[in-house]
Amino acid sequence: MKLIERDQYIHWHRLKDEDVVRDIFWCHPDAVKLVNACNLVFLIDNTYKTNRYRLPLLDFVGVTLIGMTFSTGFAYLEGERVNNVVWALEWFQGIFLRRDALPGVIVIDRDLALMNAVKTVFPKCTNLLCSFHINKNVKAKCKSLIGQKNAWDYVMDAWGSLVDCPSEQQFDECLKKFDCSPWPMFVYYVNETWIIPHKEKFVTTWMNKVMHLGNTTTNRYENVQLFLLRLMN
C-alpha cells in the first residue's frame, strides 16, 4: 500500500449501479503508523443516525501500550449485513503492513454480523464482548422477568460472581450455585444468550488468558464518538 501526503486521507470505496457509492472506508496516514506500532487491542462498533443518509458508521479505535486512544479508521456502510462489514474489515486488515502483526484482541458488542465478520477476516484474533453492555442487558432482563424487586440485588450479585470467576473450576462451581430456579425464563435467557455461546468472550477467567490491556468494554470507543460528535456539531 502506498501512503499519501500527511494531510490527505487514505480511502477505498465500492459502487452500486456504477455511479452510487455503496460502502466507503477511510483512515489517516498517521493512523496507519499507529496501527502498525500498536496492534494489540482494537475496539470496533457501529454508530447510527449521525449523518443525513442514515448510514451506519463503523468506527475502529486502537489502544497504545500506555493506554492512549486513537482513531484507526471509519467506514460508512450501505447496511449491516455480513457482506458489508466483511468488506470494511478487509480494508482495515489492509492497513496492517505485516501479515504476522494483525490485531491480537478485538472488543465489540454482541453484533452478530460484526462477530461473524471478525471471525472471517481475523480468524486468529481473540474476539471479546463488551462486559459493560452485557451486564446492562442482563440487568434490564432481570427487572423485566423477575417481578420481586427485593430479588434483583440477589440475582445481579450472583451474576457478578459468575462473571468475575478467576478460574474455570471456580466458574463451574459458581454456575452450579447460580440458583435462579424460581425464574426459569431469566435462567434460559442468561444461558442461551450469554453463557453457553459466549462465556469465553466476557467471563474473567477466559478474558485474562489474552493481553487485552484492561480493555473489556467498548466504553473507550463511546468516549471517542462523543468527542467526534462534538466536533461535527
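Note that residues are indexed from 1 along each chain, following the sequence as it is written. Given that the model is predicted, a residue must reach a pLDDT of at least 70 before its local features are reported, and side-chain atom pairs must reach 80 or more before they are shown or counted; all residues, however, enter totals for whole chains, interfaces and linings. In computing side-chain values, all of the structure's heavy atoms are included and hydrogens and water are not.

Next up on the list: the overall build of the chain. Secondary structure is summarised from DSSP: a helix means a run of H or I of at least four residues, a strand means a run of E of at least two, and numbering begins at the N terminus for each. Along its length, the chain carries nine helices and seven strands. For the chain, buried positions account for 47% of its 233 residues. Should any heavy atoms of two residues lie within 4.5 Å, those residues are considered in contact. Nonlocal contacts in the chain, meaning residues at least 24 apart in sequence, comprise 59% of its contacts between residues at least 6 apart. With the model as given, the accessible surface of the chain reaches about 13,000 Å², and the carbon-plus-sulfur share is 53%. Only protein chains enter the calculation, and the probe is 1.4 Å; a residue is then buried if its accessible area is under 20% of its type maximum, exposed if over 50%, and partly exposed in between. For the area figures, the Shrake-Rupley method with a 1.4 Å probe applies, and any residue is considered shielded solely by the protein chains shown.

Here we come to the packing of helix α2 (residues 82-94) against helix α3 (residues 112-121). Axis definition: a line fitted to C-alpha atoms, limited for helices to the stretch in contact. Angles are taken between N-to-C directions and run from 0 to 180 degrees. Where α2 meets α3, the axes come as close as 9 Å, and the angle between the chain directions of the two elements is 45°. Relative to α3, α2 is oriented oblique. In this structure, the crossing between α2 and α3 has a hand that is right-handed. On α3, the residues that touch Val82, Val85, Val86, Leu89, Glu90 and Gln93 of α2 are Ala113, Leu114, Asn116, Ala117, Val118, Thr120 and Val121. Working definition: roughly parallel below 35 degrees, roughly antiparallel above 145 degrees, roughly perpendicular at 65 to 115 degrees, and oblique for all remaining angles. What makes a crossing left-handed is the near helix being turned counterclockwise from the far one by less than a right angle; a clockwise turn instead makes it right-handed.

On to the environment of leucine 34, then. You can see leucine 34 is positioned in helix α1 (residues 29-37). Under the relative-accessibility criterion, leucine 34 is labelled partly exposed at 32%. For leucine 34 and threonine 64, which are 30 residues apart along the polypeptide, the C-alpha to C-alpha distance reads 8.1 Å.

Two strands make a pair as long as DSSP finds a minimum of two bridges between them. Here seven strands make up an open sheet; going across it, the order is β1-β2-β5-β4-β3-β6-β7 and the pairing mixed. Of all the strands in the sheet, the pair left with one neighbour each is β1 (10-16) and β7 (126-129). Across this sheet, the average inter-strand angle for adjacent strands is 20°, counted without regard to direction. Bridge count between strand β3 (residues 41-47) and strand β4 (residues 57-63): six bridges; the pairing is antiparallel. Looking at the pairing, phenylalanine 42 lines up with glycine 62 of β4.

Let us look at the nonpolar core. By convention a nonpolar core is built from buried Ala, Val, Leu, Ile, Met, Phe, Trp, Tyr and Cys residues, the set being connected through side-chain atoms within 4.5 Å. Ranked by internal contacts, the top residues of the largest apolar core, which has 58 residues, are Phe60, Leu89, Phe92, Trp159 and Phe186. Ignoring sequence-local partners within four residues, the contact set of leucine 89 consists of Ile44, Phe60, Leu114, Ala117, Val118, Val121 and Phe122. Counting eight residues, the second-largest nonpolar core is a separate cluster that includes Val63, Val105, Val107 and Leu128.

What follows is about the packing of aromatic side chains. Under the pairing criterion, centres of Phe, Tyr and Trp rings, with the six-membered ring standing for Trp, must be within 6.5 Å; the plane angle then separates stacked pairs below 30 degrees from edge-to-face pairs above 60, leaving the rest tilted. One pass over the full model with this rule turns up 15 aromatic pairs. Every member of this aromatic cluster is reached through a ring pair, and the members are Trp12, Phe25, Phe42, Phe60, Phe70, Trp87, Trp91, Phe92, Phe96 and Phe122. Placement of a charge over a ring requires the Lys NZ or Arg CZ to be within 6 Å of the ring centre, with the centre-to-atom vector within 35 degrees of the ring normal. Taking NZ or CZ as reference, arginine 110 lies 5.5 Å from the ring centre of tryptophan 194, over its face.

Inspection of the sheet shows strand β6 (residues 105-108) paired to β7 by four bridges, in the parallel sense. Paired with isoleucine 106 across the strands is asparagine 127, a residue of β7. Between the parallel elements β6 and β7, the chain passes through α3 in a crossover that is right-handed. Whether a crossover is right-handed depends on one test, that the path from the first strand over the helix to the second runs clockwise when the strands point away from the viewer.

Salt bridge, as used here: a side-chain nitrogen of Lys or Arg that lies within 4 Å of a carboxyl oxygen of Asp or Glu. A full pass over the atoms with the stated rule returns eight salt bridges. Of the charged contacts, one joins aspartate 23 and arginine 22 as a salt bridge, the two residues approaching to 3.9 Å between their closest N and O atoms. Aspartate 23 gets classed as buried once you look at its relative accessible area, which sits at 0%. Here arginine 98 and aspartate 100 are joined by a salt bridge, their closest N and O atoms 3.0 Å apart. Residue class for aspartate 100 comes out exposed when judged on its relative accessible area of 61%. By sharing partners, the salt bridges in this structure join Arg14, Lys16, Arg22, Asp23, Glu78 and Arg81 into a single network.

On to the packing of helix α4 (residues 131-145) against helix α7 (residues 184-198). One can describe the packing of α4 onto α7 by two numbers: an axis separation of 10 Å at closest approach and a directional angle of 160°. By the angle between their axes, α4 is roughly antiparallel relative to α7. When the axes of α4 and α7 are compared, the crossing they make is right-handed. Taken together, the residues of α7 that come into contact with α4 (itself represented by Ile134, Asn137, Val138, Lys141, Cys142 and Leu145) are Met185, Phe186, Tyr189 and Trp194. Of the residues in the contact of α4 with α7, the class split is eight nonpolar, one polar and one charged. Gly is put with the polar residues, along with every residue not named as nonpolar or charged; the nonpolar set is Ala, Val, Leu, Ile, Met, Phe, Trp, Tyr, Cys and Pro, and the charged set is Asp, Glu, Lys and Arg.

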